[in-house]
Amino acid sequence: MKQVAFKIDGIKCEGCVNRIKKVLSKCNGIDFYDLSLETKILKVSVKDAEIIEMIKEKIETLGFEVTTL
């Protein structure tokens, strides 16, 4: 398992958080994720490091700016 954290700019409300969580819930290979509205930080635990870039791309498709921490 690999853990990674992302800073997500553009999150303004709980609706934004829910949109991101909905996308993450459909991704295979994610063991755990936690997204904080206050810090705008997404913590993800994945089975394979290869899906990290896919997660980033899916969130960016929603219109958010994603930076790996």
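Residues numbered from 1 in each chain as written. Predicted model: local features only at pLDDT ≥ 70, side-chain atom pairs only at ≥ 80, totals over all residues. Heavy atoms only, no water.

Residues and numbers for helix 1 (residues 14–25), please.
With 12 residues, helix 1 ought to run about 16 Å at 1.5 Å a step, and its terminal C-alpha atoms sit 16 Å apart, in line with that. Taken residue by residue, helix 1 has Cys 16, Val 17, Ile 20 and Leu 24 as its buried positions. End-on view of helix 1: buried residues confined to an arc of 100°, all on one side of the axis. In helix 1, the exposed positions angled more than 90 degrees off the buried face are occupied by Lys 22 and Ser 25. At its buried positions, helix 1 is contacted by strand 1 (2–9), strand 2 (30–35), strand 3 (41–46) and helix 2 (51–61). (Helix = DSSP H or I, 4+ residues; strand = E, 2+ residues; numbered from the N terminus. Expected span 1.5 Å × (residues − 1). Buried < 20%, exposed > 50% of the residue type's maximum accessible area, 1.4 Å probe, protein only. Arc of directions from axis to C-beta. Contact = heavy atoms within 4.5 Å.)

Just give me the short version of the environment of Ile 51, but keep the residues and values in it.
Residue placement: Ile 51 occurs in helix 2. Leave out the neighbours within four places in its chain, and Ile 51 touches Asn 28, Gly 29, Ile 30 and Val 46.

Describe the environment of Glu 14, and please don't skip the residues or the numbers.
Structurally, the position occupied by Glu 14 is in helix 1. Residues Glu 14 and Glu 50, 36 residues apart in the sequence, show an inter-C-alpha distance of 28 Å.

Just give me the short version of the state of the cysteines, but keep the residues and values in it.
Enumeration over the complete set of coordinates arrives at 0 disulfides. Residue Cys 16 stays outside any disulfide, its sulfur separated by 3.9 Å from that of Cys 13, the closest cysteine. The thiol of Cys 27 is unpaired, and the distance to the nearest cysteine sulfur, on Cys 16, comes to 18 Å. (Disulfide = S-S within 2.5 Å.)

Residues and numbers for the side chain of Ser 36, please.
Position of Ser 36 among the secondary structure elements: in the loop between strand 2 and strand 3. For Ser 36, a relative accessible area of 16% corresponds to the buried category. Separated by 3.3 Å, the side chains of Ser 36 and Glu 38 make a polar contact. (Polar contact = N/O pair within 3.5 Å; in protein donor to acceptor, adjacent residues only side chain to side chain.)

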